[in-house]
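# Inside the fold
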Amino acid sequence: MDAEPRPLSFRKVTKSFGTVRALKPVSLQVDSGEFVTLLGPSGSGKTTLLNIAAGFLPSDSGALFIGDINVTELPARKRNIGMVFQSYALFPHLSVFENVAYGLRVRGLPRADISRRVTETLLMVQLDGYGPRRIGQLSGGQQQRVALARAMVIEPAVLLMDEPLGALDRQLRKHVQLEIRRLHRKLGRTTLYVTHDQEEALVMSDRIGVMRDGRIEQIGTPDDLYRRPVNAFVASFLGESNLLRGRVVQCGGTEASITVQELSVDVAGPCALGLSVGGEAAALIRPEAVTFDVETDVGLPARVVEVVYLGELLAVRFTLSSGQDFWCRCFSHAQVPAENREVRLRWRTEDVRILPLDMAGSEGDVTC
Amino acid sequence: MTEKSRVLSTIAGSIVLAFLVLPIFAVVPASFNHASFIRIPPEAMSLRWYEVFLNDSEWWKALLASFRVGLLATTISVVLGTAAAIGLERVTPRIRAILLGVVLSPLIVPVIMTSIALYYIMRPLGLHGTIFGLAIGHSLLALPFVVVNVGISLRSIDPNCTRAAEGLGASPLRVFRTVTLPLILPGLAGGSAFAFITSFDEVVVSIFLAGVQAKTLPVKIWEAIRVEFTPVTAVASTVLLAITLLLFFGVKVAGRRLASESAPHGR
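Summary of the structure given here. (Residues numbered from 1 in each chain as written. Chains lettered and ligands numbered in written order. Predicted model: local features only at pLDDT ≥ 70, side-chain atom pairs only at ≥ 80, totals over all residues.)

## Section: the interface of chain A and chain B
In this assembly, 22 residues from chain A lie in contact with 21 residues from chain B. Secondary-structure elements contributing two or more residues to the side of chain A that touches chain B are β6 (81-84) and α2 (96-106) of chain A. Considering each element in turn, the side of chain A that touches chain B owes the most residues, three residues, to α2(A). In terms of residue class, the side of chain A that touches chain B is made up of 13 nonpolar, seven polar and two charged. (Contact = placed C-beta atoms within 7 Å. Helix = DSSP H or I, 4+ residues; strand = E, 2+ residues; numbered from the N terminus. Nonpolar A, V, L, I, M, F, W, Y, C, P; charged D, E, K, R; others polar.)

In structure tokens, the structure reads:
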């Protein structure tokens with residue numbers, strides 16, 4: 001078995017369960033040593049994709065490559081992958097040491113090598129000295145780290161993780177997120193990670209693929225996805241967002257403007273692909289890009305509904321004249337607006353993004 | 001619950017319990033009887049009939065035949081039953097329900113019917129009156145207990161456990177040997193015990209299939225009680241009961257130890 005991380009690539013992979021198309025053709029390349037996260041609501045196909053990569057599920061069509069090797073027809077045991085499950089799936093009848101050693105024993109390594117590598121790996125996940133313990137004696141966080149050690153000790157070509165932090169409480173989850181990031185930086189394993197938690201994805205990933213209905217809506221760096229989402233779904237799934245819906249009145253390359261009829265206002269800004277004049281679209285304005293002012297009559301009129309104190313930040317909820325909610329975030333040392341106060345909301349044109357409402361139905365649309 | 005109804009339910013419960021265990025209290029004391037006839041309660045205590053039992057090679061032969069048939073039937077039913085239980089976990093629920101019905105049918109079909117069928121099959125094959133033939137017949141009755149017990153154990157395993165082993169490079173056989181088998185050990189132990197006990201005190205099939213060679217203890221007791229109504233049959237029954245109880249509690253204790261060793265805590 002080789003110890004080098006390899007790129008992982010899906011080429012037009014499809015999968016159906018009965019009449020449900022779990023994966024429409026999906027292509028995805030995870031570069032050697034890269035950390036890619038698949039983010040999406042449940043049922044979006046992310047776990048199916050992971051199970052196909054692991055070899056636990058056969059794909060209907062398409063191919064899967066690890067390095068230069070087509071592994072589509074290869075059984076799971078011959079793929080040299082490390083898998084971390086949400087349920088940990090540790091062997092309850094074996095000690096911590098034997099759990100981690102399992103993959104090395106299967107590979108027929110000499111006893112001394114096994115002992116050395118298991119000890120090293122347990123040290124790396126900060127479980128040195130836990131070798132003789134039984135799995136049942138460990139806490140959830142410790143079990144999670146044993147699962148991580150068991151997957152990494154075999155030096156897999158690809159590391160696959162299926163919501164490994166799902167069963168941990170919030171505090172511990174944050175800690176383990178940073179831990180996994182540290183280990184990834186240190187070891188440089190090609191990693192495909194699945195989660196529905198956007199914060200987890202943002203903290204750990206080199207790139208994030210947002211999935212919906214069996215397809216990858218957009219893949220890019222966390223910054224790309226946050227600043228330049230391709231559609232309203234991605235925008236609302238990643239981070240907090242204010243979306244104003246309207247019709248495209250003008251669309252010229254990288255800029256567009258829409259009319260929001262309910263508010264009788266035009267919003268302009270940089271735009272995504274897939275817009276057509278007269279078509280439905282939404283203007284994305286992130287809460288942190290919004291400022292409010294009481295002593296002006298320029299800007300969108302709104303009324304303060306509530307002010308939520310978040311520590312270093314304040315979240316302010318406004319109601320627009322259409323009744324729609326609109327959020328703003330600012331540092332808490334800013335002046336706190338009084339509730340029920342009428343204000344004007346403002347933002348810079350370059351902080352707006354005009355997005356097609358839905359990619360799923362827009363494949364045939366004329367793009368501008 | 002009022003005081004009165006509590007007293008009433010206690011009395012009712014006691015009567016039912018007494019009814020369930022009464023045969024034991026009748027037969028066991030009878031085996032210690034000195035007289036030449038079974039008398040309940042016994043008049044004078046003695047180990048006389050135990051001496052007779054132990055000194056009679058016919059009884060020993062029957063006990064030995066019971067053990068041989070029991071062990072063979074247990075082996076056959078555990079191997080087939082475990083394979084069946086694993087297979088049942090891998091098919092769709094609809095097919096599983098149908099197949100499980102077939103596997104459990106020996107519990108529903110009247111034993112006398114099974115016995116007659118076995119008799120007609122075994123005779124031309126030359127298996128009638130052999131240890132092996134009888135063991136096959138008993139396996140049929142023991143199989144459901146193995147399938148059910150092992151099935152319960154199998155369903156308690158996280159399916160990702162076997163996937164994890166596979167992902168780490170283990171062949172299907174190795175996954176079974178190092179992960180599945182240790183985890184279903186409690187079910188396997190329970191299933192084996194039930195299988196052995198089923199065979200050990202089985203009478204109906206045994207009467208049909210037992211010849212001279214495969215005369216098990218229950219068959220011998222049944223024969224003895226028809227010719228000589230001596231307390232030695234009570235002794236044989238007591239021996240049967242003692243071995244069954246020993247096995248039952250032995251497996252209970254072992255099963256609990258296995259379960260507590262492999263049980264995941266703190267989930």
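Still to come is the rest of the account.
## Quick notes on the sheet that holds β6(A)
Residues and elements named next belong to chain A. One open sheet accounts for six strands, arranged β6-β7-β8-β3-β9-β10; its pairing is mixed. With partners counted over all chains shown, the strands left at the sheet margins are β6 and β10 (215-220), one partner each. The mean angle between the axes of side-by-side strands here comes to 15°, regardless of whether they run parallel or antiparallel. As judged from the five bridges shared by strand β7 (residues 158-162) and strand β8 (residues 190-195), these two strands associate in the parallel manner. Paired with M161 across the bridge in β8 is Y193. Set on the sheet, helix α4 (residues 140-152) makes contact with β6 and β7; between it and β6 the angle comes to about 170°. (Pairing = 2+ DSSP bridges. Axes fitted to C-alpha atoms, helices over the stretch in contact; angles between N-to-C directions.)

## Looking at the packing of α2(A) against helix α3 (residues 111-124) of chain A
All names here are of chain A. Taken N-terminus to C-terminus, the directions of α2 and α3 make an angle of 130°; their axes are 10 Å apart at the nearest point. The angle between α2 and α3 falls in the class oblique. Classified by chirality, the crossing of α3 by α2 is right-handed. Judged by residue contacts, F97, V100, A101, L104 and R105 of α2 engage I114, R117, V118, T121 and L122 from α3. (Parallel < 35°, antiparallel > 145°, perpendicular 65-115°, else oblique. Left-handed = near helix turned anticlockwise from the far one by under 90°.)

## Observations regarding the nonpolar core
Counting 159 residues, the largest nonpolar core has A53(A), L160(A), L192(A), A283(A) and I354(A) as the members making the most contacts within it. In contact with L192(A), not counting residues within four places along its chain, are L8(A), V30(A), V36(A), L38(A), L50(A), A53(A), V158(A) and L160(A). (Core = buried A, V, L, I, M, F, W, Y, C linked by C-beta atoms within 7 Å. Buried ≥ 20, exposed ≤ 12 C-beta atoms within 10 Å, placed from the backbone.)

## Overview of the sheet that holds strand β14 (residues 280-285) of chain A
All names here are of chain A. Read from one edge to the other, the open sheet built from five strands follows the order β13-β12-β11-β14-β20, with strand pairing classed as antiparallel. The open sheet has two edge strands, β13 (265-270) and β20 (352-356), and neither has a second partner. Direction aside, the axes of adjacent strands within the sheet are offset by 40° on average.

## Brief notes about the environment of I221(B)
Here I221(B) shows up in helix α10 (residues 217-227). Separated by 203 residues in the primary sequence, I221(B) and A18(B) place their C-alpha atoms 25 Å from one another.

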